[in-house]
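# Per-entry structural report
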Amino acid sequence: MATQSDNYYDIVIVGAGPVGLMLSTCLSRWGYKIKHIDNRPEPTATGRADGIQPRSLDLLRNMGLKSAIMAHKPARVYEVAFWDPPKTGGGIVRTGTWPSCPEFIDARYPFTTLLHQGLIERVFIADLEKNGTEIQRPWTITGFTSDEKADPEYPVTVQLAHVDDSSKTETVKAKYLFGGEGARSFIRDQLKIGITHKDPISYVWGVMDGVVKTDFPDMKMKCTIHSEHGSIMVIPREANMVRLYIQIASSTDPDFHPRKTATEAEVQAAAKRILAPYSIEWERVEWYSVYPIGQGISDKYTLDHRVFLGGDACHTHSPKAGQGMNTAFLDALNLAWKIHAVEGGFADRHILETYEPERKDVAETLLAFDNKYAKLFSQRPDAASTAQATASGTHANPDAQQSAEENEFIKTFKEACEFTSGYGVFYKPNALNYSPAHHPAGTSPTILSPEDQTTKLVPGRLFINSTVTRVVDANVVHLEQEIPLNGSFRLFIFAGSLTSPAQKSALESLAAGLQKPDSFFSRFQRPDIDTVSHHERHNPHSKFFTLATVFAAKRAEVEISRDLPALLARYRDNVYADDRWDRRVPDAKAAAHAKMGFDEDKGGVVVVRPDGYVGFVCRLEEGGKTVEALEKYFGAFTTKQ
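Residues numbered from 1 in each chain as written. Predicted model: local features only at pLDDT ≥ 70, side-chain atom pairs only at ≥ 80, totals over all residues. Heavy atoms only, no water.

### Things to note about the overall build of the chain
From N to C terminus, the chain includes 16 helices and 27 strands. Taken over the C-alpha trace, the chain has a radius of gyration of 26 Å; the compact-globule value for 641 residues is 26 Å, and the two agree within 12%. In terms of principal-axis extent, the alpha carbons of the chain reach across some 75 × 75 × 40 Å. In the chain, which comprises 641 residues, the share counted as buried stands at 59%. (Helix = DSSP H or I, 4+ residues; strand = E, 2+ residues; numbered from the N terminus. Rg over C-alpha atoms; globule rule 2.2 N^0.38 Å. Buried < 20%, exposed > 50% of the residue type's maximum accessible area, 1.4 Å probe, protein only.)

### Re the side chain of threonine 25
With respect to the helices, strands and loops of the structure, threonine 25 is situated in helix H1 (residues 18-29). When near neighbours in sequence (up to four residues on either side) are disregarded, threonine 25 contacts Met63, Phe124, Asp127 and Leu128. (Contact = heavy atoms within 4.5 Å.)

### Digging into the pattern of salt bridges
Inspection of every chain in the model, using the stated rule, returns 36 salt bridges. Residue aspartate 582 pairs with lysine 595 through a salt bridge whose shortest N-O separation is 3.0 Å. Taken together, the positions of aspartate 582 in the loop between strand S25 (575-577) and helix H15 (591-596) and lysine 595 in helix H15 put the pair 13 residues apart, joining distant regions of the chain. For lysine 595, a relative accessible area of 7% gives the class buried. Among the charged side chains, a network of salt bridges with common partners joins Asp50, Asp209, Arg237, Glu238 and Arg243. (Salt bridge = Lys/Arg side-chain N within 4 Å of Asp/Glu carboxyl O.)

### As for the pairing of strand S21 (residues 467-470)
Strand direction decides the pairing type here: S21 and strand S22 (residues 476-478), joined by 3 bridges, are antiparallel. Counterpart to threonine 467 in the pairing with S22 is histidine 478. Linking S21 back to S22 in an antiparallel pair, the connection comprises 5 residues, with alanine 474 at a positive phi of about 65°. Sheet topology note: the S21/S25 ladder contains 2 bridges and is antiparallel. (Pairing = 2+ DSSP bridges.)

### Structural notes on helix H6 (residues 264-275)
In this model H6 runs 17 Å from its N-terminal to its C-terminal C-alpha over 12 residues, within 8% of the 16 Å that 1.5 Å per residue would give. Residues of H6 that are buried: Val267, Gln268, Ala270, Ala271, Ile274 and Leu275. Each buried residue of H6 sits inside an arc of 155° when the element is viewed along its axis, so together they form one side. (Expected span 1.5 Å × (residues − 1). Arc of directions from axis to C-beta.)

### Remarks on the environment of alanine 363
Within the secondary structure, alanine 363 sits in helix H8 (residues 355-378). Using a relative accessible area of 0% as the deciding quantity, one classes alanine 363 as buried. It is 9.1 Å that separates the C-alpha atoms of alanine 363 and threonine 316, two residues lying 47 residues apart in sequence. Sequence-distant contacts of alanine 363, that is, excluding residues within four places in its chain, are made with Ile297, Tyr301 and His315.

### What to know about the sheet that holds strand S17 (residues 280-293)
Pairing within the open sheet is mixed, and its 7 strands lie in the order S6-S5-S14-S15-S16-S13-S17. Only two strands of the sheet have a single partner each, and these edge strands are strand S6 (93-99) and S17. Averaged over all pairs of adjacent strands, the angle between strand axes in this sheet comes to 20°, irrespective of strand direction. Across 5 bridges, strand S15 (residues 230-236) lies against strand S16 (residues 242-250) in antiparallel orientation. Paired with valine 234 across the two strands is leucine 244, which belongs to S16. (Axes fitted to C-alpha atoms, helices over the stretch in contact; angles between N-to-C directions.)

### Focus on the pairing of strand S13 (residues 203-214)
Burial runs high along S13: 10 of the 12 residues are buried. Pairing of S13 with S16 involves 8 bridges; the strand directions are antiparallel. Within S16, the position partnered with methionine 208 by the bridge is leucine 244.

### Some words on the state of the cysteines
Evaluation of the coordinates by the stated rule reveals 0 disulfides. Cysteine 101 takes part in no disulfide bond, and the closest cysteine sulfur to it belongs to cysteine 417, at a distance of 7.4 Å. Under the relative-accessibility criterion, cysteine 101 is labelled buried at 6%. On the accessibility criterion, cysteine 417 (4% relative accessible area) is buried. (Disulfide = S-S within 2.5 Å.)

### Some words on the domain arrangement of the chain
If you check the domain split of the chain, you get domain 1 (8-46 + 117-194 + 299-366), domain 2 (75-114 + 202-292) and domain 3 (450-636). One C-alpha centre belongs to domain 1, the other to domain 3; they are set 34 Å apart. Contacts between domain 1 and domain 3 engage 13 residues on the former and 13 residues on the latter. In this assembly, domain 1 packs against domain 3 so that about 1,200 Å² is buried in total across both faces, 70% of it on carbon and sulfur atoms. In terms of surface lost to domain 3, no three residues of domain 1 exceed Trp30, Trp337 and Phe346, which account for 54% of the buried area on that side. On inspection of domain 1 and its partner domain 3, the count reaches 1 salt bridge. (Domains from an automatic or database assignment. Buried area = accessible area lost by both parts, 1.4 Å probe.)

Right, dumping it as structure tokens:
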């Protein structure tokens, strides 16, 4: 017999594209009851997004999904090639190449991964099924209300209907509703939230996925091609496919119309003209579409912090920088861990107010960049040849290289690389990203203020990649990957010198402070702590904290039971020796400490948010000051129970 709880859910998620699937996957893993619907009978069959950027691949690895993605043998783009008309004569010539993710970005995977969106969706769907969440298809949302006064616990009422059979309907109650249904969002329209278009300039593009036969030498590379007949972007794909973006019309054309269309044959003919003197024929076309692109951003992402929007429902832009799916992933991740922190009784509801400003700010940056990028793409860059000179340092005299550095096209490309890779995305100060203005901690001497800190870690930016040796098994590991996406705050204790009595005392002070019954750490102890498995690696004490300790020492010198107080020793699988050489800090004795900017003897403490962004950095000191500083950071947003 159905009970009242059958139609009560923690969240209703509308739309099973990248943003809905990421949100659903995170919350399903953390035990939430989800109603997830999509109006399509099947996952994406062809077309749509295909680019996974380096930082997103880190995230997928942290979720344990990277190997399933890579099993499809996606294309990997390491370099972008520029093609332009030659100075004399017709046709096109290669005028330069540029790394997709240049060396100045410290990326684990310095390439863009290209794979059809439908295959990526299926990886998430398989994970959801393992965690007991199924996507209900083809169903759609027909209405909703949100009223916290009437029902403080389940304030959202949602009406749903089967797409093909209107007699099949459901009404469900939920704590939250999420609109991930794309640019034509029903939920956004019902909330009467407008879209602000950044620039009336709009382009109409044809996009074609298929297998081609060609003598064009860079068809396996990402290319930007400019010719007197128009522009093409080439994106290699899995299974010998290639995606071509072909510009059909621009608002600068005298007869421009945003609804302009073109047949498959017309787009292929345009591609042949642009690629001449090279030939191209299609063995098969898998997907073809024509669409106008304008830069638009939703005025709000939520009105009441119960009904939220994310992904294309919030921001639309050109697909050429490969940002749509990646931005969607980060929208969902940002919201997922905050809902978890609130619903788990860890954080005050006001942290949900940080979702819109954090993610909208990133979208604003993306749209501004995309606007510039689209314009640059639409005009012939004079200095593509100097891009090659700057990238490789070859066939260039010092004067040429200097002028290349100052060239706007190259500067935009360079700035773009950090942002588009995902490593340049950052969040401004708020309760979660420490700054004296947002925390009662003020400028306590324990907290590394921007004036005195040598640390390279900045609250609101990603935790820096580093390689260390795990003490228990001597495995060489990537420190930033050692704690999976589990909804916990990650406390990385860079313990400095193994032989310093002051450092040993500082670790003991830290452990003693954390163990006090009213500490931020003890307040959120697991209710089942007495029955936790000996092999529970990350959350033996609390679902909201995972601890890791890194010594500036060789692995053989570290003895966990001797060198760590019992509380920290319980995280024995998360104890590391900072003894691996790193080419970015070649002279450092303890490279991870050095990359973070910590003194190799004294170390420091880093709080990393569940999504991998730094929240807080402080010194590791004797006495109670370190725990006091951490208390003040967490005190700004955790519940007081």
